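Here is what each chain is made of, one letter per residue.
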Amino acid sequence: MSVKDVVNLIEENEAKFIDLRFTDTKGKQQHVSVPARIVLEDPEEWFENGQAFDGSSIGGWKGIQASDMTLKPDASTAFIDPFYDDTTVVLTCDVIDPANGQGYDRDPRSIAKRAEAYLKSTGIGDTAFFGPEPEFFVFDGVEWQTDMSGTRYKIHSEEAAWSSGESYDGQNTGHRPGVKGGYFPVAPVDSGQDLRSACTQTLEAIGIPVEVHHHEVATAGQMEIGTRFNTLVRRADWTQDMKYVIQNVAHNFGKTATFMPKPILGDNGSGMHVHQSIWKDGQNLFSGDGYAGLSDLALYYIGGIIKHAKALNALTNPSTNSYKRLVPHFEAPTKLAYSAKNRSASIRIPYVASAKARRIEARFPDPTANPYLAFAALLMAGLDGIQNKIHPGDPSDKNLYDLPPEEDALVPTVCASLEEALEALKADHEFLTRGGVFSQDWIDSYIEFKSEDVKCIRMAPHPLEFEMYYSL
């Protein structure tokens with residue numbers, strides 16, 4: 001979509017506002033709105049100059065002494081917001097540092113753009129395709145409290161296995177998935193069909209093609225909506241818009257959606273499996289005659305991801321809650337191995353009928369990841385594997401959760417905590433800084449920023465500690 005197309009979209013729909021959106025370090029979309037008439041006065045100039053804003057209040061960004069930033073809208077991202085009462089055109093923006101006119105060093109979308117540019121500069125390929133699968137939960141309600149008097153949380157879900165003894169207006173239908181029982185009976189056990197269908201129609205209306213939707217394994221409303229792959233930056237844009245749509249559709253249904261990896265105890269958590277491939281001159285470079293139809297280049301890409309996986313965890317699994325999902329036996333891919341069939345491995349090679357669809361699937365990321373940062377980091381790790389011909393070794397087609405102890409000890413694992421992941425990133429990040437994609441300043445600031453999460457959790461008494469230690 002061009003600037004002219006955006007003008008036509010505004011005029012044909014009599015849009016009143018333009019909503020400018022960008023993503024902060026944590027991965028949350030932020031926005032500011034301007035009247036549409038301001039854009040229509042001189043569209044070309046407005047798109048060129050962008051919209052000034054104060055970047056000092058965004059967590060992990062510049063201090064108040066250097067706060068002036070510019071939002072530069074990308075015309076190709078335009079769509080009509082499906083939730084606002086007043087017709088509003090949404091534009092995703094790059095954050096520009098007015099000091100040099102370049103993408104801001106700490107702007108996630110600018111980092112992702114630099115990763116795409118770096119790929120081209122290497123000559124290895126010209127396009128990286130990504131296809132994430134962010135899982136999520138939809139609850140009837142949630143409440144929590146954290147203060148000096150204590151802490152608690154409560155999830156309300158009529159679909160949850162624990163609700164079989166509850167009374168809902170004097171009755172209980174009895175139809176609900178048990179623990180690990182959500183994949184995937186029909187309604188009324190699956191209570192989310194209409195909500196997912198509404199999400200699907202909304203996503204397609206704003207230009208995000210949906211390929212499948214279904215209930216996921218866990219009880220209490222775990223779901224997935226599968227959408228089409230796209231180029232790295234554009235697919236990260238779609239992931240952000242997808243989360244926005246799902247959370248707002250759920251809100252309109254009187255429910256609440258969360259992409260938190262492990263909101264419930266004792267059942268599967270939500271991952272974000274990330275499908276990836278590299279192309280050049282219209283050819284899929286991951287297709288070949290090797291294991292599972294992969295090329296040597298694809299195997300080296302896998303080798304790079306496995307080599308740098310612990311550092312990647314700081315970006316692909318950036319919450320303290322992420323590591324409550326990454327434990328064995330809940331379909332969590334904790335073992336750093338690859339396989340065409342084995343879903344306990346952290347890298348899977350999906351079965352496909354066409355060589356064009358050949359790809360690899362990283363299974364350890366989760367949907368708290370900032371997609372711009374996670375996709376860029378995965379690409380940089382894979383490119384390091386290609387450049388240095390890092391072979392991942394033999395595939396693993398065994399159940400990695402049930403290996404004999406002597407074999408289990410030989411298989412590396414992902415990090416067990418955010419603290420470990422940040423330490424790994426501190427020790428291993430040179431591959432990220434190539435081509436100026438991630439700067440040393442950004443890495444240092446990110447580690448400092450996310451260390452506050454670690455500190456916060458470390459200082460807070462946990463209810464289970466009262467159960468384990470109160471009477472000692």
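Scroll up for the structure.
Small disclaimer: the values here were computed from a predicted structure and weren't measured.

A. Highlighting the overall build of the protein. If you tally the helices and strands in the protein, you get 15 helices and 19 strands. Compactness check: the protein gives a C-alpha radius of gyration of 23 Å against a globular reference of 23 Å for 472 residues, within 12% of the reference. The principal-axis extents of the C-alpha atoms in the protein amount to approximately 65 × 60 × 50 Å. Taken over 472 residues, the protein has a buried fraction of 52%. For the protein, long-range pairs separated by at least 24 residues make up 69% of all intrachain contacts whose partners lie at least 6 apart in sequence. Of the side-chain charges in the protein, 44 are positive and 66 negative, and the distance between the mean point of each set is 4 Å.

B. How the structure looks around the pattern of salt bridges. Inspection of the entire model under this criterion finds 21 salt bridges. One salt bridge connects R109 with D94, and the closest N-O pair in it is separated by 2.7 Å. Placement of R109 in helix α4 (residues 108–122) and of D94 in strand β6 (residues 88–97) is noted, with a sequence separation of 15 residues between them. According to the relative accessible area criterion, D94 is buried, its value standing at 9%. One salt bridge connects E143 with R152, and the closest N-O pair in it is separated by 3.0 Å. What makes E143 partly exposed here is its relative accessible area of 31%. Through salt bridges that share partners, D74, D94, R109, K113, R234 and D237 make up one connected network.

C. Spatial organisation of the side chain of N268. Topologically, N268 is positioned in the loop between β14 (256–258) and β15 (272–280). Taking the relative accessible area as the measure of exposure, N268 reaches 4% and is therefore buried. Among the polar contacts made by the side chain of N268, one reaches the side chain of K180 at a distance of 2.9 Å.

Conventions and cut-offs
- Residues numbered from 1 in each chain as written.
- Predicted model: local features only at pLDDT ≥ 70, side-chain atom pairs only at ≥ 80, totals over all residues.
- Heavy atoms only, no water.
- Helix = DSSP H or I, 4+ residues; strand = E, 2+ residues; numbered from the N terminus.
- Rg over C-alpha atoms; globule rule 2.2 N^0.38 Å.
- Buried < 20%, exposed > 50% of the residue type's maximum accessible area, 1.4 Å probe, protein only.
- Contact = heavy atoms within 4.5 Å.
- Lys, Arg positive; Asp, Glu negative; His and termini not counted.
- Charge placed at Lys NZ, Arg CZ, Asp CG, Glu CD.
- Salt bridge = Lys/Arg side-chain N within 4 Å of Asp/Glu carboxyl O.
- Polar contact = N/O pair within 3.5 Å; in protein donor to acceptor, adjacent residues only side chain to side chain.

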